[in-house]
Amino acid sequence: MNTTSQYLTNNGIRPSVQRLAVMQFLQHNKTHPTVDEVFEALRTEIPTLSKTTVYNTLKLFIERKAINYISIDERNARFDSVIQPHAHFRCKECDRIIDIDLDINQFLPENFRGEINESFFYLKGFCEECKKLRS
């Protein structure tokens, strides 16, 4: 069993051709794609693939916590295969979304004793390339 198939199985998801293709796309394309971007990338590889199948597959992955839904883009739902806590930066010029390693616990007060199940940390501004173009 390949690693993607095992990953899905470990998350309680029965692997199928479509599910494997969607997960592999997410794992190899760290662009935080939209449903449309996933569909467009895979439809030539899997001619029977529908946008509804992609949407339902992503929804299942989110429900089983195999991927994260990120709402940093006000116009589009985006998806991230990196499920470990981290932050996201979105460039206001080119719309690129970049993962940022960040220990989110450093923002909690010392006396915090609760349990955090989800965290979303978004930063917006201009990426290095766009900042140079603006200068």
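Please refer to the structure placed before this passage.
Residue positions are counted from 1 within each chain, in the order its sequence is given. Totals for whole chains, interfaces and linings use every residue, but because this is a predicted model, local features are given only for residues with pLDDT of at least 70 and side-chain atom pairs only at 80 or more, for both listing and counting. Side-chain metrics in this entry use all non-hydrogen atoms of the structure; hydrogen atoms and water are not considered.

Enquirer: Sorry, what's going on with the packing of helix 1 (residues 3-10) against helix 2 (residues 17-28) here?
Expert: Relative placement of two packed helices is described by the angle separating their axes and the distance separating the axes. The geometry of helix 1 relative to helix 2 is characterised by a closest axis approach of 10 Å and an angle of 105 degrees between their N-to-C directions. Taken together, the axis directions place helix 1 and helix 2 in an arrangement best described as roughly perpendicular. Contacts between helix 1 and helix 2 pair Thr4, Ser5, Tyr7 and Leu8 from the former with Arg19, Leu20, Met23, Gln24 and Gln27 from the latter. The classification used treats Ala, Val, Leu, Ile, Met, Phe, Trp, Tyr, Cys and Pro as nonpolar, Asp, Glu, Lys and Arg as charged, and all other residues, Gly among them, as polar. In the contact of helix 1 with helix 2, the residues fall into four nonpolar, four polar and one charged. Helix axes are fitted only over the stretch in contact, all axes being lines through C-alpha atoms; the angle between N-to-C directions runs from 0 to 180 degrees. Each helix is a run of H or I in the DSSP string that is no shorter than four residues. Each strand is a run of E no shorter than two, and both are numbered from the N terminus. Note that the term roughly parallel is reserved for angles under 35 degrees, roughly antiparallel for angles over 145, roughly perpendicular for angles of 65 to 115, and oblique for everything else. Between two residues, a contact is recorded if the distance between any of their heavy atoms is within 4.5 Å.

Enquirer: Would you take a moment to explain the sheet that holds strand 4 (residues 97-100) for this structure?
Expert: Across a sheet, strands are paired by hydrogen bonds formed along the backbone, either parallel or antiparallel in direction. Here, strands pair whenever DSSP counts at least two bridges between them. Strand order in the open sheet formed by three strands is 4-3-5, with mixed pairing between adjacent strands. Every other strand in the sheet has two partners, leaving strand 4 and strand 5 (122-125) as the edge strands with one partner each. Across the sheet, the mean angle separating the axes of adjacent strands is 25 degrees when strand polarity is ignored. Here strand 3 (residues 87-91) pairs with strand 5 via four bridges, running parallel. Within the sheet, the bridge partner assigned to phenylalanine 89 lies in strand 5 and is leucine 123.

Enquirer: What is the right way to read the packing of helix 2 against helix 3 (residues 35-42) from this model?
Expert: Following both chains from N to C, one finds helix 2 and helix 3 inclined at 110 degrees, their axes separated by 11 Å at the closest point. In terms of orientation, helix 2 lies roughly perpendicular with respect to helix 3. In terms of crossing hand, the pair formed by helix 2 and helix 3 is right-handed. For the pair helix 2 and helix 3, the contacting residues are Ala21, Val22, Phe25 and Leu26 in the first and Glu37, Val38, Ala41 and Leu42 in the second. Here the residues of the contact of helix 2 with helix 3 sort into seven nonpolar, no polar and one charged. Crossing chirality is assigned from the near helix's rotation relative to the far helix, an anticlockwise turn below a right angle marking it left-handed and a clockwise turn marking it right-handed.

Enquirer: I keep staring at the pattern of salt bridges and nothing clicks. Help me out?
Expert: A side chain of one charge can pair with a side chain of the opposite charge when the charged atoms of the two come close. When a carboxyl oxygen of Asp or Glu is within 4 Å of a side-chain nitrogen of Lys or Arg, the pair counts as a salt bridge. The full count for this structure, using the stated rule, is 12 salt bridges. Note that lysine 132 is salt-bridged to glutamate 128, the shortest N-O span being 3.8 Å. Taken together, the residues span about one helical turn, with lysine 132 and glutamate 128 both in helix 5 (residues 128-134) at a distance of four residues. Here the residues in one salt-bridge network are Glu37, Asp73, Glu74, Arg75, Arg78, Arg90, Asp95 and Lys124, joined through shared partners.

Enquirer: It is not clear to me how the environment of arginine 90 should be interpreted in this structure. Could you clarify?
Expert: Relative to the elements of secondary structure, arginine 90 occurs in strand 3. Exposure is judged per residue with a 1.4 Å probe applied to protein chains only, and the accessible area is read against the type maximum: over 50% gives exposed, under 20% gives buried, and values in between give partly exposed. Assessed through its relative accessible area of 8%, arginine 90 is described here as buried. Sequence separation between arginine 90 and lysine 124 is 34 residues, and the spatial gap between their C-alpha atoms is 4.9 Å. Those residues in contact with arginine 90, other than ones at most four positions away along the chain, are Ile72, Asp73, Glu74, Arg75, Asp95, Arg96, Ile97, Leu123, Lys124 and Gly125. Any pair of N or O atoms that falls within 3.5 Å is considered a polar contact. Within protein, one atom must be able to donate a hydrogen and the other to accept it, and sequence-neighbouring residues count only if both atoms are side-chain atoms. Only 3.0 Å separates the side chain of arginine 90 from the side chain of glutamate 74, close enough to count as a polar contact.

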